Amino acid sequence: MTGTRNGTHGGSGGGKRQPGARRALRREVPSTVALLTDEADFAAMRRYATFGFDDHAAYLREMEGLLRALSSQGVHTTVALFDPREYAEFCEETRLDPDLPDSRTRYTADVAGLGATVPYAGQPMELLVPELIGEAERHAALERATALLAAAGDCADCGQDLGRAAYARASQALMRLIEAVGTGAHHVVGSVPVDGAPLIAVLHAACGDDGLVQLRESEALVFCTVLAAGIVTGSRGGVVVRSSTRGGGPQEAGPRVAGSQEAGPDVVRGWSLSDSWLQPLTEAEVFAAYCTDADTGEPVPPEPRVDYRPGIELPPPEGDC
């Protein structure tokens, strides 16, 4: 399931094509590959006669070979998530036959423009698949949270846009949270229950001894939008931060921390979202939240070399309505 988006190149007509010009031009045309990441989605596509695979593992190997081949040709390739349910809806809306390769190509081009994607940089499939799933989850959370902010309306007292004000407040909360936990590499998870389905955002940040903070803007955008959605809906969400001063701490996918590399236990702290601000949890509450299975409610043994500590008081902004 691949697609390409072509660019047009002007030039002076009449000249002879230089040797290798077409090959060089091919490297300037980006490609898109849509991937079926799990067995259930793969099984759903097998109902189409033109889908020529019957084994998911073999399919992933073939797709990895395709990605490597494109990369070896110097072609920039973007990987998108292929969703069979969305594909069926796309074909119905556009009156396309879903059992045609051309329909899958058109869907791939469409999802690449609007959905979650990751660039292929030679990563093996066992790393590419979770990276793509994580990006899709972030994209879905951002869409849901953004819709909630857009629907919030204006404040009845002061007239300001509630969604915009909540996002500004969430941004201040994140800034004060990172400042409070201080030097180290921080794995920050925010969760806000909305309509029975939690909105979850994950952020990696590193703070050096000099106070310089490194984080990914895309992760910060999703995190602040999700937190803002909890503020405008009055949801009782929560934030957990796991901090490490070790070089190989929980921030493996995030920026490296500058400063001390002394080995020490990871520190876990927690806050609840209440009254439109992050309120610190007690040490017992942090332990209970971190050592309880979210699905079953059963206790989970604490990890070795992890300290559970109370959240830190974060001063709220002044002058807000």
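Scroll up to find the structure.
The model shown is predicted, which means the values in this text are computed figures rather than measured ones.

So, how was this worked out
Starting from 1, residues in each chain are numbered consecutively following that chain's sequence as written. Per-residue local features are limited, in this predicted model, to residues with pLDDT of at least 70; the limit for side-chain atom pairs, both in listing and counting, is 80 or more; totals at the level of whole chains, interfaces and linings are taken over all residues. Computation of side-chain values covers all heavy atoms of the structure but excludes hydrogens and water. When the centres of two rings from Phe, Tyr and Trp lie within 6.5 Å, Trp using its six-membered ring, the rings pair. Their planes under 30 degrees apart give stacked, over 60 give edge-to-face, and anything left gives tilted. Think of it in three bands: residues with accessible area under 20% of the maximum for their type are buried, residues over 50% are exposed, and the middle band is partly exposed, with areas taken using a 1.4 Å probe on protein chains only. Between Lys or Arg on one side and Asp or Glu on the other, a salt bridge is scored when a side-chain nitrogen of the former is within 4 Å of a carboxyl oxygen of the latter. Starting at the N terminus, helices and strands are each numbered in turn, a helix being any DSSP run of H or I of at least four residues and a strand any DSSP run of E of at least two. The arc in question is traced by the directions running from the helix axis to the C-beta atoms. By definition in these notes, contact holds between two residues if any of their heavy atoms fall within 4.5 Å. Here, the term nonpolar core denotes a set of buried Ala, Val, Leu, Ile, Met, Phe, Trp, Tyr and Cys residues that are joined through side-chain atoms within 4.5 Å.

### Re the packing of aromatic side chains
Then, number 1: Counted according to the given criterion, the structure contains twelve aromatic pairs.
Then, number 2: Ring centres of phenylalanine 53 and tyrosine 59 lie 5.3 Å apart, and the angle between their planes is 80°; on these two criteria the pair is classed as edge-to-face.
Then, number 3: Taking the relative accessible area as the measure of exposure, phenylalanine 53 reaches 29% and is therefore partly exposed.
Then, number 4: Among the residues examined, tyrosine 59 registers a relative accessible area of 1% and is labelled buried.
Then, number 5: Ring-pair connections join several aromatic residues into one group, and the members of that group are Tyr48, Phe82, Tyr87, Phe90 and Tyr107.

### Re the pattern of salt bridges
Then, number 1: Scanning all chains against the criterion turns up eight salt bridges.
Then, number 2: The closest approach of N and O atoms between glutamate 303 and arginine 242, which form a salt bridge, is 2.9 Å. You can see glutamate 303 sitting in the loop between helix H9 (283-290) and strand E11 (306-308) and its partner arginine 242 sitting in strand E8 (residues 238-244), a full 61 residues away along the chain.
Then, number 3: Arginine 242 gets classed as buried once you look at its relative accessible area, which sits at 14%.
Then, number 4: Residues joined in a network through salt bridges with shared partners are Asp41, Asp83 and Arg85.

### Brief notes about helix H4 (residues 84-94)
Then, number 1: Those residues of H4 that fall on the buried side of the exposure criterion are Pro84, Tyr87, Phe90 and Cys91. Relative to the axis of H4, the buried residues are bounded by an arc of 115° and lie together on one face. Facing away from the buried side of H4, by more than 90 degrees, are the exposed residues Arg85, Glu92 and Glu93.
Then, number 2: Along its buried surface, H4 packs onto helix H2 (39-45) and helix H5 (101-114).

### What about the nonpolar core?
Then, number 1: The biggest cluster of nonpolar side chains holds 33 residues, and the ones touching the most others in it are Val188, Phe223, Val226, Leu227, Val239 and Leu278.
Then, number 2: Of all the secondary structure elements, the ones that give two or more residues to this core are helix H6 (125-150), helix H7 (162-181), strand E5 (184-194), strand E6 (197-207), helix H8 (217-233), E8, strand E9 (266-274) and strand E10 (277-280).
Then, number 3: Counting residues per element, this core draws most heavily on H8, which supplies nine residues.
Then, number 4: Among all residues touching leucine 278, those that are not within four sequence positions of it are Ala173, Leu227, Val239, Trp271, Ser272, Leu273 and Leu314.

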